[in-house]
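Structural overview for review
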Amino acid sequence: MRKTTIGRLAFMCGCSLIATTGALAQDETLIEEAAAEPDRPAQAGTEGNVIVVTGSQIKGARIDDILPVTKVGENLIEAANPSSGDELFRAIPQAGSVSFNDYTTSGGINSARGDVASINLRELGTGNTLLLINGRRMVLNPGFQTELLVPVVSPDTNTIPVGGVDRVEVLRDGASPIYGADAVAGVVNTFLKGNLDGGFLEGTWRASDGTSLYSTSINGGIGFDFNEGRTNLTVYGYYYHENGAPTSIRRYSRDSDRRPLVEGTPWEGDVEWDASSTNSPFGQFDIQAPRSRTPIDDDDFHIQPGTFDGCRLDLGNGLCADNGTSLDRELRYNMDGDRDLFSKKDRYNVYGLLSHEFSQAAEFYAEASFYRSKSTRRNVQSALLGAVPIGIAADAYYNPFGPVTLADGSPNPNRVPGTTIDDEGAELLMERYRVIDAGPRVTTVTKDTYRLLAGLRGQVLGFDYDTAFLYSEAKATDLTRNRISTTALQNAINRTTSDAYNPFNGGCLDAPRSGDCTPNPQSVLDDIRIDVFRVGKTSLALGDLRLSKSDLLTLPGGDLGVAFGVEWRRETFSDDRDPHLDGTITFTDSVTGEFFGSDVLNSSPTPDTRGERDVYSAFAETLVPIVSPEMDVPLVHSLDVQLAGRFEHFSDVGSTVVPRAAASWRPIRDVLLRGAWSQGFRAPNLVQINDVGITRVNTQDDLVYCYAQIQKGLIENFGECSGSSTVSNRTGSEELDPEKTESLNFGIVLTPSFIPGLTLTADYWRVRQDGIVGVFGPDNAIALDLLRRLQGSSNPNVVRGEPDADLIDLYAGTGLTPAGDILSVRDAYLNLDSRVSKGWDFGLYYDIGETPLGRFNVSFNAARLTSFFQTPGPDGEELLDAVDRGILPPDITISDIGELLELNGRPKWRFTSAVNWRSGGWRVNLYADYIGKYFDDTALQDETNEPWPVDDWLTFNASVSYSIRNNTAISGTRIKFGVNNLFNKAPPLVEDSFGFDGAYHSARGRQFLIQVEKKF
């Protein structure tokens, strides 16, 4: 990394995206000097006056203009008013979606839950962005989750102490040759404030307008010099508390049935907008007896209030049985009614930096940090997995079709009259049921992260050197109270005495979509409750040595700079699941004998997983000045070239070598053209390699079965397919190869000397990724099974049972060989598709300078995504070709293939902008954040199959502050008042949990802020 004096930042100001948000990183003195002397070469400076430019390891070299770097500094942080690392990084338009977030509800215990946030530069995928603190890697978050069904990992951006951040530099270009794996999309380097001489204490209160949600925080730091100024110790501390809030605070999040919110649109009445659950206290059952034995005239029935239409059998207590498996929408459960929208959370952060100068040639430095977060949230109680029904014994006490007499010979008070069920009773299968009377689940995630670093830097034999050792570790404990043991639930149901669990008593007759007005006794509920944990650990050990010399040779165009170095790192992870999840304690149905590897209701089995790897790497870099201004070459004011390469060896996936070439050319002083080409790689993460096999159960359409139904006239099209629970088996592999990438970047920077202080930038980028690790997906696998069965074969990855007589009759005359029910889908992690992403970045920064009204700064940073095309592998290509040729109908969706721009995210446009004004002790900030529209294909219009348009979102933040500067005790005090989301703009509506997309938008609404700071 390069250092340059603050007073000589002109070259960088004219050549990188400091023209946009990056320019905000500088103070007034810097801006004045940069504007006055844009071509002054960078000079060495004292440690307190240097900044490090992300993208090069050559210290002191004039390389800034080659690099497309966005810098987020004090001005933008002040304007954006972030309360967390997540909110800080969302101020970067290129940051993409945040798939690890506090709003996540899908995946349950298999998600990265708690107070966590990720980053996804360019939308290239979580895990393709390298995060650094002070130039060295961050440890990965100890929890992982799936993205496009594949486990992904990321550092937790919330571990970054916002109050101690000096600036954030974002290299918006592939940087694997400089930094190694994970830098495919770019690098985000957070620099913390060091070398404080004095201290500060800051308190902040925030509250969301019209709600109960609020937060408080205390932030402070102190630093001092000793040993005659040769040693500095700086320590920061931070505490943050947010009280949490239920879904009821927002209209769009309080009810799973969001059909009222789309009235007046073409989607009015579409059932996709009703996400209420068919699993409710009104259970659905299958009688293991001939259908003619009951007035229901069906082996399938569900319980409902007696006031509903369709009652076939009176069950007493205001309840009846209706035939069939379809639960009336008025009975479907409002899952959002039992959830928290915001978790209750506490964050603790302590960070220390120490430096000691032995001599001008040697300086010792060290960092130590500890971070703890604790978050708690309620979630709706669990339901049965569709693939794991629970058998109910014939003699279960509350079985309405139980024996005539109980075991003690007394009459059975719970057997309903009016049936011809055998005197011994009939067994049942409970296929759908939600244990609402047990109360909501409560999940607490506690995470501890620490980081220790010690290093030595200086000069030897004319070379700058920097060597350090880093160790960082993170541990997260995810504990959910009030889960349900499937074995204990079945045992409680099948008791033959009145202390049995009764699943036949329904919920609330007057309000069947929420609550349970006929709960089982607490003593019975206590017997079925369990606590379930997941403990994740990650660690990072790193040692490196970097050597550089900015003036190895003097060429006609200037000094030739070089850098080279070596690095070793060890990464480990472990994921320890509760015995009820990892296969230690399993569920075997005592009635049917069916086995399932998890004993936790509604959770698929997941084995414990662990892995580690060692990585050895070496890099070299050179900066070659071809032409300098002093050479007076026509149309070549200056020309510089950067060349770099890196070798990296992974102990588990082999070795790779990647190069980089970049250049900057100034035809005239005010115009800069730059470009870069590089190759990159991303090694499969440790989860993808070491995953020994997980089972997931999700609802899928059996397209083969549905095709037969269409041919027989039972349904009209695939849109009427009735999905069923399908088991998907996913496995990792040591045979996975690293993903390979190729990046191109071309840009122009204008710094017109006739408008001092103005900088304009535009950069085009293109990234090609090959061998992306993924799974084909169960929906695609089943579609391929249909295609091949139409051609006389089948897809062996769709495992089916033998067809019974009913299925044989269904398939007769359809042209298909009879197929049995799907038992499972084999879905291993593979190097599958390739992807090409393209886009533009635009920036503007204008330092207007001093005026009679004060000093003004304006910035604008925009990201335009122009294409995100995923090319399928051979199997996917086979499916697309079949749809194009009409072999498969067009209403079969082939997921995550083709042009994905503006689909389920990936908006075309994002931008942030800020205006800052200062005069005396007064300061006013205005900040704008825009996220473009996209389409949600989980909510298709019933008739046109058109995806739901997710509206664009423009929000404004504003703040005003006053700093007291006098000779009194309150001198150095600053008071700030701010409003985030000034106009209280609600997030765009989506058909998803909570009614909005937390990966892009926020539900905080208008948020007031009061902050008091005292410097000393």
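Residues numbered from 1 in each chain as written. Predicted model: local features only at pLDDT ≥ 70, side-chain atom pairs only at ≥ 80, totals over all residues. Heavy atoms only, no water.

1. Topic: the overall build of the protein chain
Within the protein chain, the secondary structure is distributed over 12 helices and 50 strands. The C-alpha radius of gyration of the protein chain comes to 31 Å, within 12% of the 31 Å expected for a compact globule of 1016 residues. C-alpha atoms of the protein chain, sized along the principal axes, occupy 105 × 70 × 50 Å. Expressed as a percentage of contacts within the protein chain between residues at least 6 apart in sequence, the contacts between residues at least 24 apart total 74%. As presented, the protein chain carries roughly 38,000 Å² of accessible surface, and 54% of it is formed by carbon and sulfur atoms. In the protein chain, 92 side chains carry a positive charge and 138 a negative one; their mean positions are 7 Å apart. (Helix = DSSP H or I, 4+ residues; strand = E, 2+ residues; numbered from the N terminus. Rg over C-alpha atoms; globule rule 2.2 N^0.38 Å. Contact = heavy atoms within 4.5 Å. Areas by Shrake-Rupley, 256 points an atom, 1.4 Å probe, with all protein chains shown as cover. Lys, Arg positive; Asp, Glu negative; His and termini not counted. Charge placed at Lys NZ, Arg CZ, Asp CG, Glu CD.)

2. A short note on the state of the cysteines
A full pass over the atoms with the stated rule returns 3 disulfides. Here Cys508 is linked by a disulfide to Cys517, with a sulfur-sulfur distance of 2.0 Å. Here the S-S torsion is close to 95 degrees, and the disulfide linking Cys508 with Cys517 is therefore right-handed. A residue is classified by how much of its surface remains accessible, and Cys508, at 7% relative accessible area, is buried. Between Cys706 and Cys721 runs a disulfide, and the two sulfur atoms are separated by 1.9 Å. A residue pair is termed long-range when its members are at least 10 positions apart, and Cys706 in helix H9 (residues 703-711) and Cys721 in the loop between H9 and strand E34 (724-730) qualify at 15 residues. Residue Cys706 is classed as buried on the basis of its relative accessible area, which comes to 1%. Taking the relative accessible area as the measure of exposure, Cys721 reaches 13% and is therefore buried. The cystine pairing of the protein chain, numbering bonded cysteines in sequence order, is 1-2, 3-4, 5-6. (Disulfide = S-S within 2.5 Å. Buried < 20%, exposed > 50% of the residue type's maximum accessible area, 1.4 Å probe, protein only.)

3. A short note on the nonpolar core
As a rule of thumb, nonpolar side chains are buried together in soluble globular proteins. One finds Ile287, Phe401, Met430, Val435, Leu489, Tyr501 and Ile528 to be the most contacted residues of the largest nonpolar core, which totals 38 residues. Elements represented by at least two residues in this core include exactly strand E14 (284-287), strand E15 (300-305), strand E16 (313-316), strand E17 (319-323), strand E21 (390-392), strand E22 (428-432), helix H6 (486-493) and helix H7 (522-528). Sort the elements by how many residues they give to this core and H6 lands first, with 4 residues. If we skip the residues at most four places from it in the chain, Leu489 touches Ile390, Met430, Val435, Ile484, Tyr501, Ile528 and Leu601. Val72, Leu88, Val168 and Tyr236 belong to the second largest nonpolar core, which has 36 residues in total. (Core = buried A, V, L, I, M, F, W, Y, C linked by side-chain atoms within 4.5 Å.)

4. Looking at the confidence of the model for the protein chain
In this model, the protein chain carries a mean pLDDT of 89, and residues with pLDDT of at least 70 account for 94%. When pLDDT is averaged over each element of the protein chain, H6 comes out on top at 98 and helix H2 (residues 28-36) at the bottom at 27. A low-confidence stretch, residues 1-52 stays under pLDDT 50, and its non-local contacts, those more than four residues away or across chains, total 173 contacts. (pLDDT = per-residue confidence, 0-100.)

5. Description of the pattern of salt bridges
Taken as a whole and judged by the stated rule, the model has 62 salt bridges. In this structure, Arg378 engages Asp340 in a salt bridge whose closest nitrogen and oxygen atoms are separated by 3.1 Å. In this pair, Arg378 sits in strand E20 (residues 362-379) while Asp340 sits in strand E18 (residues 340-342), placing the two residues 38 residues apart along the sequence. Judged by its relative accessible area of 28%, Arg378 falls in the partly exposed class. Accessibility expressed as a relative area gives 12% for Asp340, which makes it buried. Linked through salt bridges whose partners overlap, the residues forming this network are Glu567, Arg569, Glu571, Arg613, Arg646, Glu648 and Asp652. (Salt bridge = Lys/Arg side-chain N within 4 Å of Asp/Glu carboxyl O.)

6. Considering the sheet that holds strand E38 (residues 798-800)
Taken in spatial order, the 4 strands line up as E33-E34-E39-E38 in an open sheet, and their pairing is mixed. The open sheet terminates on both sides in strands that have one partner only, identified here as strand E33 (694-700) and E38. When the angles between neighbouring strand axes are averaged without regard to direction, this sheet yields 30 degrees. Of the strand pairs in this sheet, E33 and E34 are connected by 7 bridges, and their pairing is antiparallel. Bridged to Thr699 within E34 is Ser725. Contacts from helix H10 (residues 778-790) reach E33, E38 and strand E39 (822-826) within the one sheet, and its direction differs from that of E38 by about 70 degrees. (Pairing = 2+ DSSP bridges. Axes fitted to C-alpha atoms, helices over the stretch in contact; angles between N-to-C directions.)

7. Topic: the sheet that holds E16
A sheet is described by the order of its strands in space; here 6 strands give the open sequence E16-E17-E15-E14-E22-E21, paired in antiparallel fashion. Bordering the open sheet on either side are E16 and E21, each of which pairs with just one other strand. In this sheet, neighbouring strand axes are inclined to one another by 35 degrees on average, regardless of whether the strands run parallel or antiparallel. Bridge analysis of E14 against E22 gives 4 bridges, and the strand direction is antiparallel. Across the sheet, residue Gln284 finds its bridge partner in E22, namely Arg432.

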